[in-house]
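# Reading the structure
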Amino acid sequence: MNEAIRLGSETASQNPQQTKGLPELSIVVPTFNERDNVARLYRKLEAALTGIAWEVVFVDDNSPDGTWNVVRELARQDNRVRCIRRIGRRGLSGACIEGILASSAAYAAVMDADLQHDETQLPKMLSLLQGGQAELVVGSRYIEGGSADSFDRQRAGFSALATSIARRVLGVAIADPMSGFFMIRRDRFEQLAPKLSTQGFKILLDIVATAHGELKTVEVPFTFGTRLHGESKLDSMVALDFLGLVLAKFSNDTVSLRFLLFAMVGGTGLFVHLATLFVALAWLGWSFPEAQTAGAFVAMTSNFILNNFLTYRDHRLKGVAILRGLFAFYLVCSVGLFANVGVAFSLYDQEPIWWLAGAAGALMGVVWNYAMSGLFVWRKR
Ligand code: GDD
Ligand code: MN
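## As for the pattern of salt bridges
As a working rule, side chains carrying opposite charge can pair if their charged atoms are close by. Under the defined criterion, the tally for this structure stands at 17 salt bridges. A salt bridge links Asp176 to Arg141, with the shortest nitrogen-to-oxygen separation between them at 2.7 Å. Placement of the pair is Asp176 in the loop between α6 (153–170) and β6 (182–185) and Arg141 in the loop between β5 (136–140) and α6, with a sequence separation of 35 residues. Here Asp176 falls in the buried class, since its relative accessible area comes to 0%. Here the residues in one salt-bridge network are Glu34, Asp114, Arg227 and Lys233, joined through shared partners.

So, in structure tokens, the structure goes:
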């Protein structure tokens, strides 16, 4: 079996035509609303990769603009093109992971569909991997010869800040861990894949941090171009995603990104609760039980709204489902409150340390609320 595989790739580099069906390089392109870019990218790949047996896997999250339709049309004309159309899911990292795992070549590249990445670097990246000089090659904007001219000042500032946080907190050694352009050895990727987060945008940072310095990495410079058609999908949420990933990796994956967001939202709920309590008592002159009840409801409602927009934005409830979800959330949280108080009481009974009992109760509450919300409020489709 191994022998056959080796023979296959040797022939591939000698005579790519003969082995058209056996790619040595898989290029994975995540897409969301890129219908006007994909055909152009395909032609550019074809021009840049002469002499290399390649395939391209587009992973489209059911784009409203019908990108998958355009890709399907390309795939009908060239069997090196494939399309994974994911329904009911969103996320750049998850799309890249799924695309790499669905491909079979010994090397996999990830690049954007909007022509901001430089496909003419791919042959050089491939030969670095094939020659054994690297297990991961990163297209870098921040080394000599690379640039990100198309960035406005704000985005450039964010990018630099995120890069320095990643380097300091996670000990990531490369210059551009935020790049979305890289090529990796399949076997190394498959080892790391189960530990990667499918949420968020920072797949390369995730790979590098998860490998803990054990991935031989080389950076090649490239110029981050201007987007051709359409618009960037990265919004202010990307900062939150980034922080979540840093925290998760820093804690050695003991806490998931989603749980962290859920707990952070819970933290804001405490402030909302206290603020409501204050307003109801001091300004509205309500009785304490009334004010406390109001505080709880306002906090649960604001937690629900925040979770719907942040924590579960890839499963966001819309329309009437919001109301159903809100009531389910009230229910989940009230049971969570019992769990919280129960645990705190019984702990305090054995060991009367108020802050330990209180914190244990709160932790119990948030774990319960998180687990049950995932099941009953934002059901995974
Ligand atoms: N399948 C899928 N699902 N694809 C997505 C999604 C998604 O939810 N969101 C974005 N994409 C695709 C886009 O269609 C595009 O091909 C690629 O991912 C990058 O998205 P852009 O919206 O163009 O991102 P950007 O140009 O602002 O950011 C790029 O540069 C950053 C570095 O500054 C990306 O490469 C980032 O990964 C990178 O960190
Ligand atoms: Mn882009």
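There's plenty left to go through after this.
## Focus: the site of ligand 1
Neighbouring ligand 1 are 27 residues, the closest being Glu34, Asp112, Arg227, Ser232 and Lys233. Here Glu34 contributes a side-chain N or O atom positioned 2.5 Å from an oxygen atom of ligand 1. Asp114 is positioned with one of its side-chain polar atoms (N or O) 2.7 Å from an oxygen atom of ligand 1. Compared with its free state, where it exposes 740 Å², ligand 1 has 98% of that area covered by protein. A class-by-class count of the residues in the shell around ligand 1 yields eleven nonpolar, six polar and ten charged.

## A word on the state of the cysteines
In total, this model carries zero disulfides according to the counting rule given. Summary of cysteine pairing: Cys83 is not part of a disulfide, and the nearest cysteine sulfur, belonging to Cys96, is at 14 Å.

## Points about the sheet that holds β6
Read across the sheet, seven strands follow the order β3-β2-β1-β4-β6-β5-β7 without closing on themselves; strand pairing throughout is mixed. Where the open sheet ends on each side, the last strands, each with one partner, are β3 (81–85) and β7 (217–221). With direction set aside, neighbouring strand axes in the sheet form an average angle of 20 degrees. Sheet topology places strand β1 (residues 25–31) next to strand β4 (residues 107–110); four bridges connect them, and they run parallel. Note that in β4 the partner of Leu25 across the bridge is Tyr107. Helix α4 (residues 92–102) rests against β1, β2 (54–60), β3 and β4 of the sheet, and its axis sits at about 150 degrees to β1.

## Remarks on the pairing of β2
Along β2, seven of the seven residues are buried, which leaves the element largely enclosed by surrounding structure. Taking every second residue as pointing to the same face, both faces of β2 are buried, with Trp54, Val56, Phe58 and Asp60 on one and Glu55, Val57 and Val59 on the other. Of the strand pairs in this sheet, β1 and β2 are connected by seven bridges, and their pairing is parallel. Bridging from a neighbouring strand, Leu25 pairs with Trp54 of β2. With respect to chirality, the unit in which β1 leads through helix α2 (residues 38–48) into the neighbouring parallel β2 is right-handed. Relative to β3, β2 runs parallel, the two sharing five bridges. Residue Val59 lies in a different strand from β3, and its bridge partner there is Ile84. Regarding the hand of the β-α-β motif, the stretch spanning β2, helix α3 (residues 67–77) and β3 is right-handed.

How each quantity is defined
- Residues numbered from 1 in each chain as written.
- Chains lettered and ligands numbered in written order.
- Predicted model: local features only at pLDDT ≥ 70, side-chain atom pairs only at ≥ 80, totals over all residues.
- Heavy atoms only, no water.
- Salt bridge = Lys/Arg side-chain N within 4 Å of Asp/Glu carboxyl O.
- Helix = DSSP H or I, 4+ residues; strand = E, 2+ residues; numbered from the N terminus.
- Buried < 20%, exposed > 50% of the residue type's maximum accessible area, 1.4 Å probe, protein only.
- Near = heavy atom within 4 Å.
- Polar contact = N/O pair within 3.5 Å; in protein donor to acceptor, adjacent residues only side chain to side chain.
- Areas by Shrake-Rupley, 256 points an atom, 1.4 Å probe, with all protein chains shown as cover.
- Nonpolar A, V, L, I, M, F, W, Y, C, P; charged D, E, K, R; others polar.
- Disulfide = S-S within 2.5 Å.
- Pairing = 2+ DSSP bridges.
- Axes fitted to C-alpha atoms, helices over the stretch in contact; angles between N-to-C directions.
- Contact = heavy atoms within 4.5 Å.
- Right-handed = clockwise from strand over helix to strand, strands pointing away.

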